[in-house]
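Below, each chain spelled out in residue letters.
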Amino acid sequence: ASNFLLKPERSYNFNLGAYYSTPSSFTADLNLFYRRTYDLILLINTGVTGKYQNVNKVKGLGMEFDAAYTFFRRLKINGNLTYQDFRLFGQSDAAYEGARLRNTPYFFANLGANILFDNVLRKKDQLSVYWNYGFVREYYLNYIPKEHEPDGFLGLWGKPKVNVDALIIPNQNLHSVGCTWQLDRAGTLALSLEMKNIFDAAVYDNYRIQNAGRSTHVKISFAIN
């Protein structure tokens with residue numbers, strides 16, 4: 001639905017990053033940020049339709065971390081995580097003061113592994129086999145008072161102190177596996193096979209609409225040099 005009263009979003013951001021790497025095996029990237037946003041634009045479910053609306057005042061801290069390590073130049077392990085603590089402030093209604101921003105995940109992470117094999121079916125071909133895991137911590141369809149949030153470090157475990165089951169977008173665990181075979185190192189011909197969400201777990205978007213379950217994908221690539 002249209003909203004002709006929508007105001008432009010204004011934000012103030014501070015970012016600090018650090019990067020480290022060794023010549024061939026390890027990389028790490030850390031980013032810290034602080035954001036203070038006025039009239040944040042957020043898509044809100046209004047029943048039959050959705051509407052972009054302004055959220056008056058939102059501030060928060062966040063962290064992003066990414067790392068990768070390669071063993072024997074064949075096996076690569078990589079992972080990343082994000083924590084973002086965005087909350088309302090300066091609210092006229094005390095119940096909303098300090099509440100987490102709705103429809104916005106605050107912790108999510110990924111872990112992956114990839115291994116390479118050479119000369120599998122013919123000389124100079126290459127086979128890559130990989131596994132990826134993704135996790136999203138449960139979050140909420142609407143605001144709940146800060147004092148009713150789950151216990152535990154940064155709210156990463158436990159349950160809310162009030163019955164808000166109808167507002168919870170639950171924890172999500174997604175596993176995917178796949179492989180890619182290349183005819184040669186130049187990538188002239190490549191065949192890829194991937195199965196996403198191999199355990200057919202329930203996966204949701206930011207409005208608790210369930211997304212597709214298990215799926216299989218095949219891709220053939222041919223490069224002309």
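Residues numbered from 1 in each chain as written. Predicted model: local features only at pLDDT ≥ 70, side-chain atom pairs only at ≥ 80, totals over all residues. Heavy atoms only, no water.

### A closer look at the overall build of the chain
Within the chain, the secondary structure is distributed over zero helices and eleven strands. For the chain, the N- to C-terminal ordering of α and β elements is β-β-β-β-β-β-β-β-β-β-β. Seen through its principal axes, the chain has C-alpha atoms that stretch 70 × 40 × 40 Å. Here the chain holds 225 residues, and 31% of them are scored as buried. Taking the contacts inside the chain whose residues are at least 6 apart along the sequence as the reference set, 57% of them involve residues at least 24 apart. On the chain, roughly 14,100 Å² of surface is accessible, and the fraction owed to carbon and sulfur atoms is 59%. Considering the chain, the positive charge centre built from 25 side chains and the negative charge centre built from 19 side chains are found 4 Å apart. (Helix = DSSP H or I, 4+ residues; strand = E, 2+ residues; numbered from the N terminus. Buried < 20%, exposed > 50% of the residue type's maximum accessible area, 1.4 Å probe, protein only. Contact = heavy atoms within 4.5 Å. Areas by Shrake-Rupley, 256 points an atom, 1.4 Å probe, with all protein chains shown as cover. Lys, Arg positive; Asp, Glu negative; His and termini not counted. Charge placed at Lys NZ, Arg CZ, Asp CG, Glu CD.)

### Regarding the environment of G62
Note on placement: G62 falls in strand β3 (residues 50–71). Expressed as a C-alpha distance, the spacing of G62 and R35, which sit 27 residues apart in the sequence, is 8.4 Å. With near-sequence residues (within four places) excluded, G62 lies in contact with N31, L32, F33, Y83 and Q84.

### What to know about the nonpolar core
By size, the foremost hydrophobic cluster in this structure holds eleven residues: F33, L40, L42, I44, V55, V58, F86, L88, A99, L101 and Y143. The leading source of residues in this core is strand β2 (residues 26–45), at four residues. Core analysis: the second largest hydrophobic core is formed by eight residues, Y83, Y106, Y139 and L141 among them. (Core = buried A, V, L, I, M, F, W, Y, C linked by side-chain atoms within 4.5 Å.)

### Things to note about the packing of aromatic side chains
Applying the stated criterion to the full structure yields ten aromatic pairs. Centroid distance Y20 to F26: 6.1 Å. Interplanar angle 55°. Geometry classified as tilted. A relative accessible area of 26% means that F26 is categorised as partly exposed. Ring geometry for Y96 versus Y143: centroids 5.8 Å apart, planes at 80°, classification edge-to-face. Of this pair, Y96 sits in the loop between β4 (75–88) and β5 (107–118) while Y143 sits in the loop between β7 (139–140) and β8 (168–169), placing them 47 residues apart in sequence. On the accessibility criterion, Y96 (35% relative accessible area) is partly exposed. Chaining the aromatic ring pairs together yields one cluster made of Y20, F26, Y69 and F71. Residue placement shows R35 over the ring face of F33; its charged tip is 4.3 Å from the ring centre. Here the basic side chain of R102 rests over the ring of Y143, its NZ or CZ set 5.9 Å away from the ring centre. (Phe/Tyr/Trp six-rings, centres within 6.5 Å; stacked < 30°, edge-to-face > 60°. Lys NZ or Arg CZ within 6 Å of the ring centre and 35° of its normal.)

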